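Architecture and fold: a report
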Amino acid sequence: MLIKPFPKVEDVHAIAIPLFGYSDLITANVYAVGKGPVTLIDTGPKFPGALAFVQKQLKLAGIDINDIERIIITHGHLDHFGLAASIRKAAGGPIECFIHAEDKWRVSSEGFQEEMWSEEAQIFMAMVDMPQREIEKVKKRFSFFKKLCDPLDNVSIMEDGAEFVGEGYHLRAIHTPGHSPGSICLYESRQQILFSGDHIIKHITPNPLMEIKRDRLRDPNYQSLKAYMNSLDKISGLDVRFVFPGHGEYIEDLDNIISTYKVHHRQRMDLVWGALKKKSRPLYYLIDDVFPYVPEDDVFLAISEILVHLEILINEGSAELADPGPPALYRAL
Ligand SMILES: [Zn+2]
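This is a predicted model, so every value here is computed, not measured. (Residues numbered from 1 in each chain as written. Predicted model: local features only at pLDDT ≥ 70, side-chain atom pairs only at ≥ 80, totals over all residues.)

Frequently, the measure chosen for interface size is the accessible area that the parts lose on association. Once the domains are mapped, the protein shows domain 1 (12–108 + 152–252) and domain 2 (120–143 + 263–332). Counting residues at the interface gives eleven residues for domain 1, matched by 13 residues for domain 2. In terms of residue class, the side of domain 1 that touches domain 2 is made up of five nonpolar, four polar and two charged. (Domains from an automatic or database assignment. Contact = placed C-beta atoms within 7 Å. Nonpolar A, V, L, I, M, F, W, Y, C, P; charged D, E, K, R; others polar.)

What follows concerns the sheet that holds strand β3 (residues 38–41). Strand order in the open sheet made by the six strands is β1-β2-β3-β4-β5-β6, with mixed pairing throughout. This sheet does not close on itself; its edge strands, each paired only once, are β1 (12–18) and β6 (155–158). Taken over all neighbouring pairs, the strand axes of this sheet differ in orientation by 25° on average, direction set aside. Here strand β2 (residues 27–33) pairs with β3 via three bridges, running antiparallel. Paired with Val-33 across the two strands is Thr-39, which belongs to β3. Relative to the sheet, helix α1 (residues 50–60) contacts β1 and β2, its axis offset from that of β1 by approximately 150°. (Pairing = 2+ DSSP bridges. Helix = DSSP H or I, 4+ residues; strand = E, 2+ residues; numbered from the N terminus. Axes fitted to C-alpha atoms, helices over the stretch in contact; angles between N-to-C directions.)

As a further point, take the sheet that holds strand β9 (residues 184–188). Pairing is mixed across the open sheet formed by five strands, whose spatial order is β7-β8-β9-β10-β11. Each edge of the open sheet carries a strand with a single partner, namely β7 (163–166) and β11 (242–245). Here the strands of the sheet are splayed against their neighbours by 20° on average, with no regard to which way each runs. Here five bridges tie strand β8 (residues 169–175) to β9, and the two strands are oriented antiparallel to one another. Looking at the pairing, Ala-173 lines up with Leu-186 of β9.

In this section: the packing of helix α9 (residues 254–278) against helix α10 (residues 283–290). Packing of α9 against α10 leaves a shortest axis separation of 9 Å and a crossing angle of 110°. Of the possible angle classes, the one that applies to α9 and α10 is roughly perpendicular. In terms of crossing hand, the pair formed by α9 and α10 is right-handed. Facing Leu-271, Val-272, Ala-275, Leu-276 and Lys-278 of α9, the residues of α10 in contact are Leu-286, Asp-289 and Val-290. Of the residues contributing to the contact of α9 with α10, the split by class is six nonpolar, no polar and two charged. (Parallel < 35°, antiparallel > 145°, perpendicular 65-115°, else oblique. Left-handed = near helix turned anticlockwise from the far one by under 90°.)

Printed below as a string of structure tokens:
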């Protein structure tokens, strides 16, 4: 057993798919909700054998794949929707899939076919001064990730406040942008369960990921960390018995975890500010001070983390863009 078993909740079955080799995430969690026709929350990635694993776990809960009437995807990342197309194909009848409008493009064939390494990405890499050899590594990792999911078309759009009601459940979508612009949580009001996707995770602090494809955003001024913090406030104070996250163990004390996240981001902002204060330099070279031990595979994540914290420092007036470059040069104030 990789994680503590989920508490028994009527009409909610948790399936924790082990993510070997992705130790940070531990598991990808799928939830089957409802008595009769079942709603699936997320699907996990398309690992070899993943479909058989999910089907087997559903069977153990007394659910047949043909009982699934809809899939709600908490956000458009492959570890949450990767298996959706396979489940649809394997099921007898039609399954309606829902995703928030702002993440729809990420799962679509159109999004998949788009030049994976866009001109925007190239400009961005020049802006942060990422060396070519690092860029090649990131590209390789991205194309590997693409193998872990199938595109998902014919999806239905859900917006903040969308409700899904069936026998034994009443779910409400809460738009919680930050980890991605279209991230949502689902609140089940009868049993006070919050399905939190990657907005709330117990063992790691979710990354509010930077958005390179700015033209895909509804709000051109969208900033991931700022949105993320607002989304934390949006769910704090909810009457929640258990949080069922997209990865790892369930959570009992939502408000406590929200306060630890806030402290964490404040500390990280101070760390970025301190690095800048020591020496103004392009973003890529700030990694030396902010994440000196970052694993090779996570350099892109490190850049994302520094950038989203830098955006807040600039908003607050404690840093500025001294030279737009490329490469861009920031300065602590
Ligand atoms: Zn995830």
